[in-house]
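Take a look at the letters that make up each chain.
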Amino acid sequence: QVQLVESGGGLVQPGGSLRLSCAASGSIGTMFYMGWYRQAPGKQRDLVALMYTFDSADYANSVKGRFTISRDKAKNTVYLEMNSLQPEDTGVYYCKYRSQPNNVYWGAGVQVTVSS
């Protein structure tokens with residue numbers, strides 16, 4: 001089993017910034033990817049950003065240029081730096097970890113609210 005501990009959510013004004021962290025522990029195996037999804041009220045859970053084994057990354061079009069995903073391999077932790085936050089970025093942000101060959105784990109989620 002893999003445990004994912006997320007932190008860094010909160011309330012921020014439009015245009016502000018937040019940094020999310022997700023630390024993986026347990027039987028983490030060999031990472032295939034690790035990253036973030038978000039779910040707005042009444043909507044499906046969508047990809048925000050993923051980081052792959054060799055540090056390539058994918059981003060949702062809506063966050064490109066504003067969000068940056070990074071990884072500390074020694075700490076088995078990924079970070080999501082979120083800048084220029086907008087109300088439409090509001091939602092619960094979930095950390096996702098996939099190890100090879102095909103084991104998938106989710107964190108409990110952290111709330112991000114962008115509001116004036």
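A brief structural summary. Owing to the predicted nature of the structure, the values given are computational and were not obtained by experimental measurement.

Side note on the sheet that holds strand β7 (residues 67-72)
Across a sheet, strands are paired by hydrogen bonds formed along the backbone, either parallel or antiparallel in direction.
Part 1 of the reasoning: Spatially, the four strands line up as an open sheet ordered β1-β3-β8-β7, and their pairing is antiparallel. Across the chains shown, the open sheet's two edge strands, defined by having one partner strand only, are β1 (2-7) and β7. Direction aside, the axes of adjacent strands within the sheet are offset by 15 degrees on average.
Part 2 of the reasoning: Pairing analysis gives six bridges linking β1 to strand β3 (residues 18-26), with the strands arranged antiparallel. The partner of Glu6 across the bridge, within β3, is Cys22.

Some thoughts on the state of the cysteines
Part 1 of the reasoning: In the structure shown here, the tally under the stated rule is one disulfide.
Part 2 of the reasoning: Cys22 shares a disulfide with Cys95; S-S distance 2.0 Å. For the disulfide bridge between Cys22 and Cys95, the dihedral angle about the S-S bond is near -85 degrees, and by the sign convention the bridge is left-handed. Separated by 73 residues along the polypeptide, Cys22 in strand β3 and Cys95 in strand β9 (residues 91-99) bring together distant segments of the chain.

Cut-off values and rules
- Residues numbered from 1 in each chain as written.
- Predicted model: local features only at pLDDT ≥ 70, side-chain atom pairs only at ≥ 80, totals over all residues.
- Heavy atoms only, no water.
- Pairing = 2+ DSSP bridges.
- Helix = DSSP H or I, 4+ residues; strand = E, 2+ residues; numbered from the N terminus.
- Axes fitted to C-alpha atoms, helices over the stretch in contact; angles between N-to-C directions.
- Disulfide = S-S within 2.5 Å.

Honestly, it's all geometry; don't read function into it.
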